[in-house]
Amino acid sequence: MGEGRSQGSDFRAVFPTGGGELGALIRRFDWAATELGPIATWPLSLRTLVNMLLHSPVPTVLLWGSDGVMIYNDAYSSFAGTRHPGLLGSKVREGWPEVADFNDNVMRVGLAGGTLAYKEQELVLFRHGRLESVWMNLDYFPILDESDRPAGVMAIVIDITERVLADRRLRASEERFRALTTATSDVLYRMNADWTEMRQLDGRGFLSDRGSPSIAWLDEYIFAEDQPKILAELERAIRAGGVFQMEHRVRRTDGSVGWTFSRAIPLLDGAGTIVEWFGTATDVTERHLAEARREALIRLTEDIQKLDEPADIAYAASRILGETLD
């Protein structure tokens, strides 16, 4: 936008004071083309408010006059996306045409002296080349002029979209976990993206249940001597973004040694980043013990064939059975 002819260069140099990118844009903007008029004629109340909002770290926009002419700060420009810098000096109903009715109500209430507050308000906005759902905490309150009449509306806009979507993903994960719990007899578990935290585990009587997040899960379920091998396989799966799959020992509910076949798959967000892991653990203890007993019998048979003395045969049997039962 061009320079306002009636804006004196000395005045522009001092107002607004600072304010980052938006401060500079406001100083250069042709305000004479709006209902606010040349910047040199702005009332003290308006200049004070503009200086205040420009130095606020919170996304803030001033909607001045009956048309809600927009003046905002750097934080709000980030929220506006590709709508910035075109929003500066525009009428709010025209600047955000997809939510014109919403902003019409904001201006009507604010200029009548009322306030509005919205928590987790969803609006569909065009900010990055497409319409998208955005969730916000919004607070609106009237701004009074020198005659103590409402002359504009101040809006504080907190974008909570990521938090809302994260909460929804978490709830969806919990619902899937509950659904899987009713559909399988296997142990089920959920882990965070880097496996530093177990979020949930339904142990099916085989392993101890875990209903709340734990960062001590490794020591709780895995024997110390087995941890390096399991951690190495976990790191490989995380790097590859693929399936974790391994048969290993576990500490059962009663503290005894069990064997499990564990398999976990990563859940990805829209950008392909791992956000969580879902896993199942099948109790293969009996199968493992059966295989160990079979191998022991084979070894015992082979050793006995080489021995003649009853004492040697008894010693070999005792040794092999002892190793099998350890």
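Basis of the calculations
- Residues numbered from 1 in each chain as written.
- Predicted model: local features only at pLDDT ≥ 70, side-chain atom pairs only at ≥ 80, totals over all residues.
- Heavy atoms only, no water.
- Pairing = 2+ DSSP bridges.
- Helix = DSSP H or I, 4+ residues; strand = E, 2+ residues; numbered from the N terminus.
- Axes fitted to C-alpha atoms, helices over the stretch in contact; angles between N-to-C directions.
- Contact = heavy atoms within 4.5 Å.
- Salt bridge = Lys/Arg side-chain N within 4 Å of Asp/Glu carboxyl O.
- Buried < 20%, exposed > 50% of the residue type's maximum accessible area, 1.4 Å probe, protein only.

**As for the sheet that holds strand β6 (residues 187–192)**
The pairing of strands in a sheet happens through backbone hydrogen bonds and is either parallel or antiparallel. Strand order across the open sheet formed by five strands is β7-β6-β10-β9-β8, with antiparallel pairing between neighbours. Two strands close off the open sheet at either side, each with one partner strand: β7 (198–202) and β8 (244–251). The mean angle between the axes of side-by-side strands here comes to 25°, regardless of whether they run parallel or antiparallel. The sheet contacts of helix α9 (residues 227–240) involve β8 and β10 (274–283), and relative to β8 the element is tilted by about 155°.

**Comments concerning the pattern of salt bridges**
Note on pairing: side chains with opposite charge can pair once their charged atoms come close. In this structure the tally under the stated criterion is 15 salt bridges. In this structure, Arg210 and Glu220 form a salt bridge, with 2.8 Å as the shortest nitrogen-oxygen distance. Residue Arg210 is located in the loop between β7 and α8 (217–221), and its partner Glu220 is located in helix α8; the two are separated by ten residues in the primary sequence. Owing to a relative accessible area of 27%, Glu220 belongs among the partly exposed residues under this scheme. Its salt-bridge partner being Glu225, residue Arg249 comes within 2.8 Å of it at the nearest N-O pair. Linking Arg249 in strand β8 with Glu225 in the loop between α8 and α9, this pair joins segments that are 24 residues apart in sequence. A single salt-bridge network, built from bridges that share partners, covers Arg190, Glu197, Arg199 and Glu276.

**Focus on the sheet that holds strand β1 (residues 60–64)**
The antiparallel open sheet is built from five strands, whose spatial order is β2-β1-β5-β4-β3. If you trace the sheet from one side to the other, it starts and ends with β2 (69–72) and β3 (116–126), each paired once. Across the sheet, the mean angle separating the axes of adjacent strands is 35° when strand polarity is ignored. Two elements, β1 and β2, share four bridges in a ladder whose sense is antiparallel. Bridge pairing in β2 places Leu63 opposite Met70. Of the strands in this sheet, β1, β2, β4 (131–144) and β5 (150–159) are in contact with helix α3 (residues 44–54), which crosses β1 at around 160°. Contacting β1, β3, β4 and β5, helix α6 (residues 100–111) runs over the sheet at an angle of about 130° to β5.

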